[in-house]
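# Structural features, examined
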Amino acid sequence: MMNRRHFHKLSLSAAAMPFLGGLEAAVAAPAPSNTFSVMLWTLDNKLSFEQKLELVASAGYSSVEVGNEYEKWTPEEWKTNLAALKKYKLGVDSAVPGRNSLADQSKRTFLHDDLVKAIPGAKELGCKQFIYTAFKRVPGQTPEQQRAAIVDTLKYAADVLEKDQIEIVLEPIDLLEHKEEAVVSVSEAFAICREVNSPRIKVLYDFYHEQRQAGNLIEKLDGNIDLVGLVHVADVPGRHEPGTGEMNYTNIYRKLAELKYNRVICMEFRATGDWVKTLKTAREEAIAALKS
């Protein structure tokens, strides 16, 4: 026969089980290992570089992405801006060195010069990734010729960047934004990267551009996550923050977590309200979805 003391002990244990299970589940849920970044061109152009950094840091981010503006900085601007990056504890994860048609082999010299010109400043900033679009189609090229030319150009670019260990992410751009774009979907970009077969070449999965061009965003991550070097975030329509349009970023983030994507998640949207508040909310919502 069970005595009162033994019954009381069992009751306490049973009552504690749901709590302990919840606690264990909370402890077991790992924090996202992603770096959260902001593309600086999306911020108010009236702000200085340092003012933009202050805004990004205030929203809790640890990294930024730049264009090629640093190539024109004076020695004094370099000193000031490097000090600002250190002050706000921000890294630079990606830069955009230029735009040349990757399918046009007559532009190879321009591509080479853009990359070589961008490398020293990128190294000074600690940046290890360049963003490149395929840019314009070449009149008269068949799709097969275009693909072969882009693959060959990216192999060449990979060789140029090998010594400095810098990566290129190929960014497809939707035809609504640029009607002459040569690579318009991540499906094609993934296929190109597999042909290039270099650790220096990956894909920038910009969910905004892909939604406008083709949709079916989540399924394309399956089987291709190894080639995703960077993701960009904005909602459709309007290129505003998640939640303002038709896209379900909660499910996108959950898929990224499921596939163990551990690289940069960059916000490339124009906020509809206060910048700091909007960026902070976007980051916190992403973290919550990644954890779930």
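Please refer to the structure higher up on the page.
Within each chain, residues carry numbers counting from 1 in the order of the written sequence. Local features in this predicted model are restricted to residues whose pLDDT is 70 or higher, and side-chain atom pairs enter the listing and the counts only when it is 80 or higher, whereas totals over whole chains, interfaces and linings include all residues. Note that the side-chain values use all heavy atoms of the structure and ignore hydrogens as well as water.

We treat two strands as partners when DSSP finds at least two bridges between them. In this text, helices come from DSSP runs of H or I with a minimum length of four residues, and strands from runs of E with a minimum of two, each type numbered from the N-terminal end. One open sheet accounts for eight strands, arranged β3-β2-β1-β8-β7-β6-β5-β4; its pairing is parallel. What marks the edges here is a single partner per strand, and that holds for β3 (91-94) and β4 (129-132). Adjacent strand axes in the sheet meet at a mean angle of 35°, parallel and antiparallel pairs treated alike. Pairing of strand β6 (residues 201-206) with strand β7 (residues 228-233) involves four bridges; the strand directions are parallel. Looking at β7, one finds that Asp206 is bridged to His232. Lines fitted to the C-alpha atoms define the axes, with helices restricted to the stretch that makes contact. Angles between their N-to-C directions range from 0 to 180 degrees.

Below, the discussion takes up unusual backbone geometry. The omega torsion across Val236 and Pro237 is 0°, close enough to zero to call that bond cis. Checked against the element boundaries, Pro237 lands in the loop between β7 and α8 (249-258). The phi torsion at Asn216 lies on the positive side, around 55°, for a residue other than glycine. Along the polypeptide, Asn216 turns up in the loop between α7 (207-213) and β7. Residue Lys260 is not a glycine yet carries a positive backbone phi of 60°. Its place among the elements puts Lys260 in the loop between α8 and β8 (264-267). For each residue, the accessible area found with a 1.4 Å probe, counting protein chains only, is set against the maximum for its type, and the residue is called buried under 20%, exposed over 50%, and partly exposed in between. A relative accessible area of 68% means that Lys260 is categorised as exposed.

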